[in-house]
Structure formats: C-alpha cells, structure tokens
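Tertiary structure, described
In case you want the letters, here they are:
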Amino acid sequence: MRYPKEWKQLSKSIKEKANWRCQKCGRVCLRPGEKPADNIKPRAYNLQVHHHNMNPADNRVENLICLCSGLCRIHVVETLM
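Rules of the game
- Residues numbered from 1 in each chain as written.
- Predicted model: local features only at pLDDT ≥ 70, side-chain atom pairs only at ≥ 80, totals over all residues.
- Heavy atoms only, no water.
- Helix = DSSP H or I, 4+ residues; strand = E, 2+ residues; numbered from the N terminus.
- Buried < 20%, exposed > 50% of the residue type's maximum accessible area, 1.4 Å probe, protein only.
- Contact = heavy atoms within 4.5 Å.
- Areas by Shrake-Rupley, 256 points an atom, 1.4 Å probe, with all protein chains shown as cover.
- Phe/Tyr/Trp six-rings, centres within 6.5 Å; stacked < 30°, edge-to-face > 60°.
- Lys NZ or Arg CZ within 6 Å of the ring centre and 35° of its normal.
- Core = buried A, V, L, I, M, F, W, Y, C linked by side-chain atoms within 4.5 Å.
- Salt bridge = Lys/Arg side-chain N within 4 Å of Asp/Glu carboxyl O.
- Pairing = 2+ DSSP bridges.

The subject of this paragraph is the overall build of the chain. A count of helical and extended segments in the chain gives 2 helices and 2 strands. Mapped from its N terminus to its C terminus, the chain presents α and β elements in the order α-β-β-α. Taken across its 81 residues, the chain has 33% of its residues classed as buried. Restricting to contacts in the chain with at least 6 residues of sequence separation, those with at least 24 account for 51%. Just so you have it, the chain exposes about 5700 Å², and 52% of that area is on carbon and sulfur atoms.

So, about the packing of aromatic side chains. Summed over all chains, the structure comprises 1 aromatic pair. Consider the rings of Tyr3 and Trp7, whose centres lie 5.0 Å apart with planes at 50°: the pair is tilted. By relative accessible area, Tyr3 is classed as partly exposed at 48%. Of note, Arg27 hangs over the ring of Tyr45, and the distance from its end group to the ring centre comes to 4.5 Å.

Our next topic: the nonpolar core. Residues Ile14, Cys22, Leu47, Val49, Leu64, Cys66 and Cys68 are the most contacted members of the largest nonpolar core, which totals 14 residues. The element contributing the most residues to this core is strand β2 (residues 64-68), with 5 residues. Ignoring sequence-local partners within four residues, the contact set of Cys66 consists of Ile14, Lys15, Ala18, Arg21, Cys22, Gln23, Lys24, Leu47, Gln48 and Val49.

Further remarks concern the pattern of salt bridges. Close approach of charged atoms allows side chains of opposite charge to pair. Here the structure, examined in full by the defined rule, presents 2 salt bridges. Measuring nitrogen to oxygen at the nearest pair gives 2.7 Å for the salt bridge that ties Arg60 to Asp58. A relative accessible area of 43% places Arg60 in the partly exposed class. For Arg60, the salt bridge is made with Glu62, and the minimal N-O distance between the two is 3.1 Å. Shared partners join several salt bridges into a network, and the residues in it are Asp58, Arg60 and Glu62.

Across the 5 residues of strand β1 (residues 47-51), 4 count as buried, placing the element largely inside the fold. Sheet topology places β1 next to β2; 5 bridges connect them, and they run antiparallel. Following the sheet pairing, His51 is matched in β2 by Leu64.

As far as function goes, none of this settles anything; it's purely spatial.
Shown next, in the form of structure tokens:
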C-alpha cells in the first residue's frame, strides 16, 4: 500500500488542525522551518501523522492522528500492532 501523492499536504493540514500538538501527550512540536532550542533534542519535538489502522491508503480524517516522534509514537504504534 502506498501513500497518496498529496500526502505531504494532507499531513500538514492534519498537523495544523491539531495546532502542531501531539494528540497523545499535548506536546507542542516544531513547525516547518522552526529550530529547537540548543538544550532540546529536535527529534522528540517533530510531529508525525499516523494511521490508526496502519493502512496508508485510508486517509479519512478520523483514521489519522498526530503524534510526537518521542515516546508517544512508539507507544501508540506498538499498541496498534
């Protein structure tokens, strides 16, 4: 299964709707072009869009969730598997 051609725009709109916050822990994540403070690990503050059902072809809004790339992404993905 493949992501749609418009995935970049779709995922950005989902992140904007979530106000660039992780929907699990509420952490505010970096927007495109933002730089993290020197004392912050940048990877932990990146926001990613994931599919609840792990099907990249199912891009219904209710199937998509924004998660920080820290422990939230790991915990949710492990739960879904």
